[in-house]
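Here is how the chains run, residue by residue.
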Amino acid sequence: MSFQVTEVQKALKGADYPMDGKQLADLAQQNGAGDDLVEALRRLREVDGPNGVMKELKGELGNE
């Protein structure tokens, strides 16, 4: 599955970093993200900001 950067940003709107995968997944779900993205976020370790999320998802991000 490939996620667009804007899709990830929208899913994590309102994030209060640092956050771990469960917190990111819960927030994304509240923001209406798809199940595939929610599950991908759930697998992440704690990150300290949006750049950390993008770095962790690097292999799963598509081109805009």
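Refer to the structure printed above.
Residues numbered from 1 in each chain as written. Predicted model: local features only at pLDDT ≥ 70, side-chain atom pairs only at ≥ 80, totals over all residues. Heavy atoms only, no water.

*Asks:* Pulling in residues and values, what's your account of helix α3 (residues 35-42)?
*Replies:* Those residues of α3 lying buried are L37, V38, A40 and L41. Down the axis, α3 shows its buried residues gathered within 165° of arc, on one side only. On its buried face, α3 sits against α1 (5-11), α2 (21-30) and α4 (50-56). (Buried < 20%, exposed > 50% of the residue type's maximum accessible area, 1.4 Å probe, protein only. Helix = DSSP H or I, 4+ residues; strand = E, 2+ residues; numbered from the N terminus. Arc of directions from axis to C-beta. Contact = heavy atoms within 4.5 Å.)

*Asks:* An account of the packing of α2 against α3 is needed here, citing residue identities and associated values.
*Replies:* Packed helices, taken two at a time, are described by the angle their axes make and the gap between the axes. Axis separation between α2 and α3 bottoms out at 7 Å; the angle between their running directions is 160°. By the angle between their directions, the pair α2 and α3 is classed as roughly antiparallel. Crossing of α2 over α3 shows right-handed handedness. Along its contact with α2, which presents G21, K22, L24, A25, D26, A28 and Q29, the element α3 presents V38, L41 and R42. When grouped by side-chain class, the residues that make up the contact of α2 with α3 number five nonpolar, two polar and three charged. (Axes fitted to C-alpha atoms, helices over the stretch in contact; angles between N-to-C directions. Parallel < 35°, antiparallel > 145°, perpendicular 65-115°, else oblique. Left-handed = near helix turned anticlockwise from the far one by under 90°. Nonpolar A, V, L, I, M, F, W, Y, C, P; charged D, E, K, R; others polar.)

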